[in-house]
Amino acid sequence: MKWESFDALNTVLMTFKVNLQQLEKLGENTENWITILAFMLSQKLDTATLRQWETHHSSKNIPQCDAMTDFLEKHCAILHSTSLKLSDSGPILRNTELGWIVAGEIPDSLVITLSAVTASVSTEEIHEQLARFWNLESCRTKSCLSVEESTCELIFEQTTTRDADGKFRVVLLKKQFMMKHLGKSKEIATKRCMALESRLTAYPEMKALYTKFIHGYSMMGHMREVRKEEEELINSYYLPHHAVIKPDSTTTNLRVVFDASCATDSGVSLNDTLMVGPVVQDDSLLILLHSRLQKYAIVNDIEKMYRMINVVEQDRPLQRILRRESVDQPIRTYQLSTVTYGTSLAPYLATQSLKKCVDEGEQAYPAAAQVVKRNFYVDDMLTGAKSVKEGQSLCSDVSSLLSSAGFNLRKWHSNQPAILKGEDPWTILGASYG
């Protein structure tokens, strides 16, 4: 549907019901498909209808298919009415059960001159009446999230736990109807492994950095070798990977990137089966503007943020890699145990875990919690303070709050050395703080 109309909405609804009846005739138990069916139906709706449904469905529970079809039937009844077309390219007048409404597109060439007259009477009675009027007439849009994004939020909240050391343990949020189409990936991953091996053989320095990176992954417990009897699991995915040189990095000159968008023999990749999740942090421009309101600037980032979040054991077979130490050894299978860079879901899991850490620690560190909520862009913090004392207190509290979940802050910088005990003035986006 491109825009809201009775004919288009009625066609979508009737087609959906017919297809549902055919599935039931074939013996399919559609009662177990309520979430998938609701998601598929929502993808066919126009923006206006979908927004009205999301406003109507204010509950945090996963939307049910029956509830959505009931809403759409009532919405069809409202739209089913007498209509008057004013011109070939102008809007349409519809006589609905709620009265006349205007629908359709307004031509770009149409120029409207607006004028306004404002009057005010300073009496308490009228003020109270107006306040009650606006409370009744105001639009209470409780959520701007799509059905998939709302589902992500709900599943994350219900399934995320913390380990004994405080680190978060998350599930990979999957589109279950796509998981059954995930094919075999070991063959393509083996070819990519051989290609990477040839490249590293030609560049010994890169090979040394790559080997150091992988060994560090293993030593930190972020991956383990898979036993032979485990390799034949049905729901597994082999991540091809490659090395990327970062000569300007002050901490890691080489990064290994995992390709979760590599298609399996069925044409479906791991990223195709994962939900993406909503954006939970402020826009980068807004974060930058917040930081410039302070006298002293403070920046840092979280060390290995993704890898500080564990993935539940049952989802780890979807994060397998292939490698070997040398060409005269057999290729071995390894399994990554943390959130992996290269999966489409990783940014959401990382930022939502950060938000959950703040929500759970806000009572102990209220000022630090506000900074993490408003002044973080993925793993980078850009904030400030009005005084040296406030800055020192803020640094200490933010560190304590995030370390409770295993997030270690590094690369501290400020334009006031006293805040960080000796750091030099720095610049950001060409603007000097100092």
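As a reminder, the structure under discussion sits directly above these lines.
Since this is a predicted model, take the numbers as computed values, not measurements.

(A) A look at the packing of helix 6 (residues 147-159) against helix 12 (residues 346-361). For the pair helix 6 and helix 12, interaxial distance at closest approach is 12 Å and the crossing angle is 55 degrees. In terms of their interaxial angle, helix 6 and helix 12 are classed as oblique. Of the two elements, helix 6 crosses helix 12, and the hand of that crossing is right-handed. Contacts between helix 6 and helix 12 involve Cys152, Glu153, Phe156 and Glu157 from the first element and Tyr348, Leu349, Gln352, Ser353 and Lys356 from the second. Partitioning the contact of helix 6 with helix 12 into residue classes produces four nonpolar, two polar and three charged.

(B) Fine view of the nonpolar core. With 69 residues, the main nonpolar core has Val398, Leu402 and Phe407 as its most contacted residues. Residue contributions to this core peak at seven residues, all from helix 12. Contact partners of Leu402, with chain neighbours within four places excluded, come to Ile302, Leu354, Cys357, Val372, Phe376, Phe407 and Leu409. Formed by 16 residues, the second largest nonpolar core is a distinct cluster that contains Leu9, Leu41, Leu45 and Phe71.

(C) Local environment of a negative patch on the surface. A contiguous patch of negative charge, built from Glu24, Glu31, Asp66 and Asp70, is present on the exposed surface. Its location among the elements puts Asp70 in helix 4 (residues 65-79).

(D) Region of interest: helix 14 (residues 388-403). The end-to-end C-alpha distance of helix 14, which contains 16 residues, comes to 23 Å, matching closely the 22 Å that a straight helix rising 1.5 Å per residue would cover. Residues Gly391, Leu394, Cys395, Val398, Leu401 and Leu402 constitute the buried set of helix 14. For helix 14, the angular spread of the buried residues around the axis is 140 degrees, confining them to a single face.

(E) Up close: the sheet that holds strand 6 (residues 223-225). Reading across from one edge, 6-12-11 is the order of the three strands in this open sheet, with antiparallel pairing throughout. This sheet does not close on itself; its edge strands, each paired only once, are strand 6 and strand 11 (320-323). Averaged over all pairs of adjacent strands, the angle between their axes in this sheet comes to 30 degrees, without regard to strand direction. For strand 11 and strand 12 (residues 332-336), the ladder comprises four bridges, and the chain directions are antiparallel. Residue Arg320 lies in a different strand from strand 12, and its bridge partner there is Gln335. Helix-sheet contacts for helix 8 (residues 186-202) involve strand 11 and strand 12, and the interaxial angle to strand 11 is about 40 degrees. Packing of helix 9 (residues 204-219) onto the sheet brings it into contact with strand 6, strand 11 and strand 12, and relative to strand 6 it is tilted by some 90 degrees.

(F) Highlighting the pattern of salt bridges. The full count for this structure, using the stated rule, is 21 salt bridges. Residue Arg410 pairs with Asp301 through a salt bridge whose shortest N-O separation is 3.1 Å. In this pair, Arg410 sits in strand 15 (residues 409-414) while Asp301 sits in strand 9 (residues 296-302), placing the two residues 109 residues apart along the sequence. The partner of Lys355 in a salt bridge is Asp359, and the shortest N-O contact between them spans 3.4 Å. Of this pair, Lys355 and Asp359 both sit in helix 12, four residues apart, roughly one helical turn.

(G) Summary view of helix 8. End to end, helix 8 covers 25 Å across 17 residues, agreeing with the expected 24 Å (1.5 Å per residue, within 8%). Every buried residue belonging to helix 8 is among Ala189, Cys193, Leu196, Glu197 and Leu200, and all of these are buried. Projection of helix 8 onto a plane perpendicular to its axis shows the buried side chains occupying an angular sector of 105 degrees, all on one side. Counted as exposed and oriented over 90 degrees from the buried face of helix 8: Glu187, Lys191, Thr201 and Ala202. Residues of helix 8 that are buried make contact with helix 9, strand 7 (241-245) and strand 11.

(H) Region of the structure containing the packing of aromatic side chains. Taken as a whole and assessed by the stated rule, the structure comprises four aromatic pairs. Judged by centre distance (5.8 Å) and plane angle (45 degrees), the ring pair of Phe213 and Tyr217 falls under tilted. On the criterion of helical spacing, the pair formed by Phe213 and Tyr217 is a turn pair, its members being four residues apart in helix 9. We classify Tyr217 as buried; its relative accessible area is 3%. Considering the side-chain rings of Tyr306 and Tyr341, the 6.1 Å spacing of their centres and the 35 degrees angle between planes classify their relative orientation as tilted. Linking Tyr306 in the loop between strand 9 and strand 10 (310-311) with Tyr341 in the loop between strand 12 and helix 12, this pair joins segments that are 35 residues apart in sequence. For Tyr306, a relative accessible area of 16% gives the class buried. Classification of Tyr341 as partly exposed rests on a relative accessible area of 38%. By the ring-pair criterion, three or more aromatic residues cluster together here, those being Phe213, Tyr217 and Phe258. The ring centre of Phe168 lies 4.5 Å from the NZ or CZ of Arg162, which sits over that ring. The ring of Tyr341 is capped by Arg255, whose NZ or CZ atom sits 4.8 Å from the centre of that ring.

What counts, and where the lines are drawn
- Residues numbered from 1 in each chain as written.
- Predicted model: local features only at pLDDT ≥ 70, side-chain atom pairs only at ≥ 80, totals over all residues.
- Heavy atoms only, no water.
- Axes fitted to C-alpha atoms, helices over the stretch in contact; angles between N-to-C directions.
- Helix = DSSP H or I, 4+ residues; strand = E, 2+ residues; numbered from the N terminus.
- Parallel < 35°, antiparallel > 145°, perpendicular 65-115°, else oblique.
- Left-handed = near helix turned anticlockwise from the far one by under 90°.
- Contact = heavy atoms within 4.5 Å.
- Nonpolar A, V, L, I, M, F, W, Y, C, P; charged D, E, K, R; others polar.
- Core = buried A, V, L, I, M, F, W, Y, C linked by side-chain atoms within 4.5 Å.
- Buried < 20%, exposed > 50% of the residue type's maximum accessible area, 1.4 Å probe, protein only.
- Patch = residues over 30% accessible without salt bridge, like charges linked within 9 Å, V, L, I, M, F, W, Y side chains within 5 Å.
- Areas by Shrake-Rupley, 256 points an atom, 1.4 Å probe, with all protein chains shown as cover.
- Salt bridge = Lys/Arg side-chain N within 4 Å of Asp/Glu carboxyl O.
- Lys, Arg positive; Asp, Glu negative; His and termini not counted.
- Charge placed at Lys NZ, Arg CZ, Asp CG, Glu CD.
- Expected span 1.5 Å × (residues − 1).
- Arc of directions from axis to C-beta.
- Pairing = 2+ DSSP bridges.
- Phe/Tyr/Trp six-rings, centres within 6.5 Å; stacked < 30°, edge-to-face > 60°.
- Lys NZ or Arg CZ within 6 Å of the ring centre and 35° of its normal.

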